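# Summary of the model geometry
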Amino acid sequence: MPPVDHDDLPSAVVRQPAVGTVGLSESQAALKLGKVDIYKVSFRPLRHTLSGRDERTLMKLVVDPATQRVVGAHMVGADAPEIIQGIAIAVKAGLTKAQFDATVGIHPTAAVEFVTLRGKTAGR
């Protein structure tokens, strides 16, 4: 069996709200790369809009501006561990932001937000 590669390991905290993460945080990426592009969204999921709950979901992609490679993905909200597990494959494979953007999302799901993030927020 080959040795385990510990780069880009996904992790999760299964609680309410759930947390999922893979790759570098914004701070880690800034230290390693110098400058990073951040794509982030916070929204009220459709199911909570219909039920009247005020729960929100946060999603963030951390991108290396030199290569456009997605070096981190983070989520707080319902189903975060399940969604991040799938996103972890893309991060591990070295997919770029353009490849995320070219992916057709499933609507209406929260996960679609990871492939429709367009506007950069202030990165480091």
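Parameters at a glance
- Residues numbered from 1 in each chain as written.
- Predicted model: local features only at pLDDT ≥ 70, side-chain atom pairs only at ≥ 80, totals over all residues.
- Heavy atoms only, no water.
- Buried < 20%, exposed > 50% of the residue type's maximum accessible area, 1.4 Å probe, protein only.
- Helix = DSSP H or I, 4+ residues; strand = E, 2+ residues; numbered from the N terminus.
- Arc of directions from axis to C-beta.
- Contact = heavy atoms within 4.5 Å.
- Core = buried A, V, L, I, M, F, W, Y, C linked by side-chain atoms within 4.5 Å.

## Let's talk about helix H1 (residues 26-33)
- Those residues of H1 not exposed but buried are Glu26, Ala29 and Ala30. Here the buried residues of H1 occupy an arc of 100° about the axis, which is enough to place them on one side. Away from the buried face of H1 by more than 90 degrees, exposed residues Leu31 and Lys32 are located.
- Each element contacted by the buried residues of H1 is listed here: strand E3 (37-43), strand E4 (57-63) and strand E5 (70-76).
- Backbone geometry just after H1 places Gly34 at a positive phi near 90°.

## Some thoughts on the nonpolar core
- Core analysis: the biggest nonpolar cluster contains 23 residues, and Leu61, Ala73, Met75, Ile87, Phe100 and Phe114 have the highest contact counts within it.
- Those elements that provide at least two residues to this core are E3, E4, E5 and helix H3 (80-93).
- Counting residues per element, this core draws most heavily on H3, at seven residues.
- Setting aside residues up to four positions removed in sequence, Phe100 forms contacts with Leu61, Val70, Ile87, Ala90, Leu95, Phe114 and Val115.

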